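# Inside the fold
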Amino acid sequence: MRIPLDYYRILGLPLAASDEQLRQAYSDRIVQLPRREYSQAAISSRKQLIEEAYVVLSDPKQRSTYDQLYLAHAYDPDNLAAAAVALENRPESTKRGIDTQSLGIEINQDELVGALLILQELGEYELVLKLGRPYLVNKNGATSARKSNNLADEEIHESAEHPDVVLTVALACLELGREQWQQGHYENAAISLETGQELLVREGLFASVQAEIQADLYKLRPYRILELLALPQEKTAERSQGLELLQNLLEDRGGIDGTNNDDSGLNIDDFLRFIQQLRNHLTVAEQHKLFEAQSKRPSAVATYLAVYALIARGFAQRQPALIRQARQMLIRLGKRQDVHLEQSLCALLLGQTEEATRVLELSQEYEALAFIREKSQDSPDLLPGLCLYAEQWLQHEVFPHFRDLANQQAFLKDYFANQQVQAYLEALPTDAETTNEWAVINPQNFPQPQTNNSPLPKNSNRTPRQFNHSRTPDLDLPDTPEYSNFSPSMWNSSGSVKSEVPAAERTSRGTKEHLNGSAKSATPAHNQKRRRRKPTPSTIRERVPDNRPHSRRPRRRRTFANTIEGKTRLVWRVFISLVSLLVFWVLATTTFGWLKNLFFPKRPAPVSQLFVQINQPPISIPDPNSKPQGLDGPLTDAAAEEIIRTWLSTKAEALGPNYEINNLEQILTGSALSQWRVIAQQARSDNRYRKYDHSVKVESVEKIDLFADRAAVVAKVKEATQLYENGQYKNSSNENLRVRYDLIRERGKWRIQSTSVVNQIIR
């Protein structure tokens, strides 16, 4: 069999290599062994070819002759006469194996595995597959190779080298797949990996290599899904395959916010970013089917995404029944988060204007409400502004996330003019009945995902898009038609991709502070205000649509409690009532005490005589070896050092593995107590703790003359820290600092009120 290899390639050397380079290359190639799965016979075959190349090139005469042959083929491959003459001039013992036609070498059947090993080390994966073609043929002789491999048709009989050749071909498929993966050809990479896996499974060999290929296929699955679903909608077979892969991935994870291990390498936040990126390649019907099925697990994330799909499809296809279904799903979400604005928009699209206005008043989306009120200044209700907001919301925040609706316009006038919509809205219950209908729907409990966050449909720190009243989940991720720009860490949260987490997909993050006090993320969603939205004047229509929906019943009269004046009076009445009760209680207790002293006077306590013994002091004398208390009088250096040591040990306990946060109250007060309590609580929520080793030396104690209960201590602190995350050692640090401690005496005990680093001591 002829193999397209020359001696220089076997050793990995250029034509002008020196003798020293030749010896070094030979030594390196001999020492470098292939994978441990190869047999000793395969390793010996490889070594034999390397030694043959070294023998020829290490002999100056043979190398000169071989160089003539090499150059004749390189510069004039058609003129083979000179190559034949050069071959005739070689010694008889070295003529075997040289081919003047292709500058290759002739090998025996038992030398094939060695040649394949060398070709694989050189990165000639496709050539390895071509030469190993017979091992990709099943037992019946039917080929199972892929078209892209373009394999030859030579037959290799069963032999002792058969497992080694099969292993080499499978590894070539593995490496070729990884190479295609890096180039962004994800489906071709999957084909190569599956080819190698099928070969090993058919032969029943090398389970460890099969597992390695399967692990790569699992990690490749999200990239394949994006590549297949980004194809044009006409390629239904490929897109159906992508949807099937997506369903399998969701089943393995246990849902969108599931915590099962799907071997893709994506954590919960990374997977939510992947889902958000995927939405731009799915049609509204595909998203409706996918997220509605996933919401039944149940899943709050899938429910919120299903709501957007239902609203978009219902409005675009003039099917109000879908919008009503979305409203019912929002009822379930409303038990755990504020979705009143979405509920109000659904009621508006269902023609229930009074219900839309009532629910809108319950929303905490202050910027959206400000925009709606601004556009409704000349109207007795909020309906004009709500209509304008609904059009902008649909146009800029809902439709762009569906590939078939991205360029569609949203006009309420056309929607309500549709006869099918009008017929359905006429059959709906009235506003009062609707209120009762919303109240009786059973809530659905959603499980909390096991992460540091909790999914909410609001994101208070997102960057505004074109329409600044954004409520739609959005992510700032790379566009996906250009798959060559992908990398295996594209969804990794530690990468450079900056995410704006989806409204229902993101979870509110607590304040993550390092010990230097720097914040890393937003404050918890339930403690901060909603993100304020400022309307963009250039994108807002100044007039209300002519055919805006009107209630079929007369507007309800506002009650006294609903007016501003009525609410103000109600507040004053409550306040006056509370003050009256307080005054009555003071008078009653004073009168009761006076009457009690009048009718039941207290007897004077007997006067005790002072008892002093001659042989004992009137007060106890402290032990001279006892530690100074430092409670009364000025603060001493010894007492100050003891206080600082107590603080450092308390800090180690609070930030240690047991998180003894309550002990901070024994030594800290004021701002220092608040700051370190937040740091310790954040460390506990992040499953992160530290181990400390401290040494302290007090340099000065400054008494503040105006305040006898205040003092300032400057001390030199050496602090060695070991950081652990999730129980695993992360890193360590050593610091030598000069720290100022501001102390205050409260209830007879010195506590630290604040700390500040004066400077860092450098040896």
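Presented here is a report on the structure given in the accompanying data block. (Residues numbered from 1 in each chain as written. Predicted model: local features only at pLDDT ≥ 70, side-chain atom pairs only at ≥ 80, totals over all residues. Heavy atoms only, no water.)

## Concerning the overall build of the chain
The helix and strand tally for the chain stands at 25 helices and seven strands. Scored against the burial criterion, the 763 residues of the chain give a buried share of 45%. Here the chain has roughly 40600 Å² of accessible surface; of this, 50% comes from carbon and sulfur atoms. (Helix = DSSP H or I, 4+ residues; strand = E, 2+ residues; numbered from the N terminus. Buried < 20%, exposed > 50% of the residue type's maximum accessible area, 1.4 Å probe, protein only. Areas by Shrake-Rupley, 256 points an atom, 1.4 Å probe, with all protein chains shown as cover.)

## Quick notes on unusual backbone geometry
Across the chain, the bulk of peptide bonds are trans and the bulk of non-glycine residues have phi less than zero. Between R297 and the following residue, P298, the backbone shows a cis peptide bond with an omega angle of 5 degrees. Even without a glycine there, the phi angle at N726 is positive, about 55 degrees. Its place among the elements puts N726 in the loop between β5 (710–725) and β6 (728–746).

## Observations regarding the pattern of salt bridges
Overall, the coordinates contain 28 salt bridges when judged by the stated rule. Of the charged contacts in the structure, one is a salt bridge between E175 and R178, with a shortest N-O distance of 3.6 Å. Residue E175 and its partner R178 are located together in helix α8 (residues 162–182), separated by three residues, close to a single helical turn. Residue class for E175 comes out partly exposed when judged on its relative accessible area of 27%. Taking the shortest distance from any N to any O, the salt bridge between R751 and E746 comes out at 4.0 Å. Note on R751: relative accessible area 9%, which makes it buried. (Salt bridge = Lys/Arg side-chain N within 4 Å of Asp/Glu carboxyl O.)

## With respect to the nonpolar core
Counting residues in each nonpolar core, the largest one holds 73 residues, and the members touching the most others are I256, F274 and L278. No other element matches the 14 residues that helix α14 (residues 300–316) contributes to this core. With sequence-adjacent residues up to four places away left out, I256 is seen in contact with L250, F271, L272, I275, F291, Q294, V301, A302 and L305. In this structure, L5, Y7, Y38 and C173 belong to the second largest nonpolar core, which totals 56 residues. (Core = buried A, V, L, I, M, F, W, Y, C linked by side-chain atoms within 4.5 Å. Contact = heavy atoms within 4.5 Å.)

## Some details on the environment of A712
Inspection of the secondary structure puts A712 in strand β5. Residues A712 and R740, spaced 28 residues apart in sequence, show a C-alpha to C-alpha distance of 6.8 Å. A712 has contacts with S700, V701, E702, R740, Y741 and D742, leaving out every residue within four places of it along the chain.

## Re the sheet that holds β6
Judged by pairing direction, the sheet is antiparallel, and its four strands sit side by side in the order β4-β5-β6-β7 without closing on themselves. Every interior strand has two partners, whereas the edge strands, β4 (688–703) and β7 (749–760), have only one. With strand direction ignored, the average angle separating the axes of adjacent strands in the sheet is 30 degrees. Here β5 pairs with β6 via 16 bridges, running antiparallel. Each bridged residue has a counterpart across the sheet, and for E725 the counterpart in β6 is Q728. Its contacts with the sheet put helix α24 (residues 637–654) on β4, β5, β6 and β7, and the angle it makes with β4 is roughly 165 degrees. (Pairing = 2+ DSSP bridges. Axes fitted to C-alpha atoms, helices over the stretch in contact; angles between N-to-C directions.)

## Quick notes on the packing of helix α10 (residues 207–229) against helix α11 (residues 236–253)
Between α10 and α11, the least distance of the axes is 8 Å, while the angle of their chain directions is 145 degrees. The way α10 lies across α11 gives a crossing that is left-handed. Contacts between α10 and α11 involve R221, P222, R224, I225, L228 and L229 on the former and, on the latter, E238, R239, Q241, G242, L243, L245, L246, N248, L249 and D252. (Left-handed = near helix turned anticlockwise from the far one by under 90°.)

## Comments concerning helix α12 (residues 268–279)
Over its 12 residues, α12 runs 17 Å from end to end, which matches the ideal 16 Å to within 8%, given 1.5 Å per residue. Of all 12 residues that make up α12, 12 are buried, and the element is covered over most of its length. Buried within α12 are the following residues: I268, D269, D270, F271, L272, R273, F274, I275, Q276, Q277, L278 and R279. Buried residues along α12 sit against α10, α11, α13 (284–294) and α14. (Expected span 1.5 Å × (residues − 1).)

## Quick notes on the packing of aromatic side chains
Applying the stated criterion to the full structure yields 17 aromatic pairs. Taken together, a centroid distance of 6.2 Å and an interplanar angle of 40 degrees make the contact between Y8 and Y66 tilted. Of the two residues, Y8 sits in helix α1 (residues 7–11) while Y66 sits in helix α4 (residues 60–75), which places them 58 residues apart along the sequence. Take Y66: its relative accessible area is 1%, and that puts it in the buried class. Plain terms: the ring middles of F315 and Y415 are 4.8 Å apart, the flat faces sit at 15 degrees to each other, and that makes the pair stacked. Here F315, found in helix α14, pairs with Y415, found in helix α20 (residues 412–417); they are 100 residues apart in sequence, far enough to count as distant. Each member of the pair, F315 as well as Y415, is classed as buried. Taken together, the aromatic side chains of Y7, Y8, Y66 and Y70 make up a single cluster linked through ring pairs. When the ring centre of F271 is taken as origin, the NZ or CZ atom of R253, which lies over that ring, is 4.1 Å away. Residue placement shows R279 over the ring face of F402; its charged tip is 6.0 Å from the ring centre. (Phe/Tyr/Trp six-rings, centres within 6.5 Å; stacked < 30°, edge-to-face > 60°. Lys NZ or Arg CZ within 6 Å of the ring centre and 35° of its normal.)

## What about α11?
Taking 1.5 Å as the rise per residue, α11 with 18 residues should run 26 Å; its terminal C-alpha atoms sit 26 Å apart, in good agreement. Among the residues of α11, R239, G242, L245, L246, L249, L250 and R253 are the ones counted as buried. Buried positions in α11, seen along its axis, are confined to an arc of 135 degrees and lie on one side of it. Away from its buried face by more than 90 degrees, α11 exposes T236, A237 and E244. If you follow the buried residues of α11, they end up packed against α10, α12 and α13. (Arc of directions from axis to C-beta.)

Just distances and angles here, no functional claims.
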